[in-house]
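Descriptive structure summary
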Amino acid sequence: METDPTRMCELLVGLPDVVVLWVIDDDGDEPIRVYVETRGGRPCCRVCGVPAGVKERPEVELVDLCCFGRQARLVWRKYRWQCANGLCGVGSWTGEERRIAAPRLGMTDRAARWATEQIGRVGRSVSDVAGELGCAWHTVNDAVIAYGSAPVEDPDRIGPVTALGLDKTLFCRQGPWRRQQWCTSIVDVESCPGQLLDVVEGRSEPKVLRLGSRSPGHMARGDLLGCARPVRSVSQDVL
Ligand SMILES: [Zn+2]
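The shown structure was predicted, so the numbers you read here are calculated from the model rather than taken from an experiment.

Compared with the 20 Å implied by 1.5 Å per residue over 14 residues, the 19 Å span of helix α2 (residues 109-122) between its first and last C-alpha is a close match. Ala111, Ala112, Trp114, Ala115, Thr116 and Ile119 are the residues of α2 that are buried. Looking at the buried side of α2, the elements it contacts are β4 (59-67), α3 (126-133) and α4 (137-153). Where α2 terminates, the next one or two residues include Gly123, which has phi positive at roughly 95°.

In spatial order, the strands read β1-β2-β5-β4; together these four strands make up an open sheet with mixed pairing. The open sheet has two free edges, formed respectively by β1 (18-24) and β4, since each of these has just one partner strand. Within the sheet, the average angular offset between the axes of one strand and its neighbour, ignoring direction, is 30°. With seven bridges connecting them, β4 and strand β5 (residues 70-77) associate as antiparallel partners.

Spatial strand order, β8-β9-β10: three strands in an open sheet with antiparallel pairing. Taken across any chain shown, the strands that pair with only one partner, and hence form the sheet edges, are β8 (164-174) and β10 (195-201). The mean inter-strand angle of the sheet, taken between neighbouring strand axes irrespective of direction, is 25°. Two elements, β8 and strand β9 (residues 179-188), share ten bridges in a ladder whose sense is antiparallel. Across the sheet, residue Cys172 finds its bridge partner in β9, namely Gln181.

For the protein, per-residue confidence averages 83 on the pLDDT scale, and 84% of positions sit at 70 or higher. Every residue in residues 215-239 scores below 50 in pLDDT, and together they form 40 contacts with partners more than four places removed in sequence or on other chains.

On to the packing of α3 against α4, then. Packing of α3 against α4 leaves a shortest axis separation of 8 Å and a crossing angle of 115°. Like other packed secondary-structure pairs, α3 and α4 cross with a definite hand, here right-handed. Each of Val126, Ser127, Val129 and Ala130 in α3 lies in contact with α4, whose residues at this interface are Trp137, Thr139, Val140, Asn141 and Val144.

Turning our eyes to something else, we now look at the nonpolar core. Counting residues in hydrophobic clusters, the biggest one holds 24 residues, and the most contacted among them are Met107, Ala111, Ala115 and Ala143. If one sorts the elements of this core by residue count, α2 sits on top with five residues. The residue makeup of this core includes at least three contributed by each of domain 1 (1-100) and domain 2 (102-153). If you look at the next biggest cluster of nonpolar residues, it comprises five residues, including Val161, Leu164, Leu166 and Val187.

Turning our attention to the packing of α2 against α3. The geometry of α2 relative to α3 is characterised by a closest axis approach of 9 Å and an angle of 140° between their N-to-C directions. By the criterion of interaxial angle, the relationship of α2 to α3 is oblique. α3 is crossed by α2, and the crossing has right-handed handedness. Between α2 and α3, the contacting residues are Ala111, Ala115, Gln118 and Ile119 on the first element and Val126, Val129 and Leu133 on the second. Of the residues that constitute the contact of α2 with α3, the class distribution is six nonpolar, one polar and no charged.

Rules of the game
Residues numbered from 1 in each chain as written. Predicted model: local features only at pLDDT ≥ 70, side-chain atom pairs only at ≥ 80, totals over all residues. Helix = DSSP H or I, 4+ residues; strand = E, 2+ residues; numbered from the N terminus. Expected span 1.5 Å × (residues − 1). Buried ≥ 20, exposed ≤ 12 C-beta atoms within 10 Å, placed from the backbone. Contact = placed C-beta atoms within 7 Å. Pairing = 2+ DSSP bridges. Axes fitted to C-alpha atoms, helices over the stretch in contact; angles between N-to-C directions. pLDDT = per-residue confidence, 0-100. Left-handed = near helix turned anticlockwise from the far one by under 90°. Core = buried A, V, L, I, M, F, W, Y, C linked by C-beta atoms within 7 Å. Domains from an automatic or database assignment. Parallel < 35°, antiparallel > 145°, perpendicular 65-115°, else oblique. Nonpolar A, V, L, I, M, F, W, Y, C, P; charged D, E, K, R; others polar.

Rendered as structure tokens:
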């Protein structure tokens with residue numbers, strides 16, 4: 001049975017190769033803050049091979065998953081290294097660990113994956129997820145773009161399509177002159193129910209044509225279906 005309190009604390013935090021330094025819970029309305037550092041040893045300079053020295057210990061605060069019903073932040077005390085060889089021209093570098101967080105994102109890896117799942121699969125809005133985590137809209141949106149772009153762009157996400165439906169929709173009116181902004185919805189009309197494949201900006205964007213080129217054996221002019229006049233006009237624009 002596990003009895004070491006330090007080890008038990010690390011198990012609760014659930015991150016690989018980290019040491020939990022301390023936990024701060026100043027105010028019940030504020031997120032709980034867990035301070036960690038990585039357990040890895042001292043690296044060597046990639047050029048001269050001399051063991052590096054610690055230059056700074058910058059703290060990076062990351063939005064993490066809620067824990068025990070509380071919003072949470074992971075404060076990562078990173079290592080900023082510098083080569084100990086005075087004759088080496090290598091600049092300083094920061095130790096990264098992608099299993100904790102991707103560089104330049106404001107969320108932990110696990111929180112970013114969860115947020116992407118909530119928005120991409122469950123269908124929640126960015127603001128809803130940001131509200132649950134207690135962070136800024138842009139923090140969630142940046143993470144979802146970083147983690148969600150690859151699966152969205154993967155052609156296998158769509159698979160074979162035998163009949164496409166295109167529909168132009170007035171998306172919104174923008175600016176002082178309320179200029180019309182259109183979008184085109186692309187649907188696999190033979191799936192049941194019809195599967196929305198993509199939504200592209202405009203009424204005759206080249207992106208629609210690029211989508212069709214992903215599965216050239218499964219799409220031809222005659223495969224475009226639709227009963228509305230805008231659908232026919234879109235198909236004439238792009239094929
Ligand atoms: Zn060096």
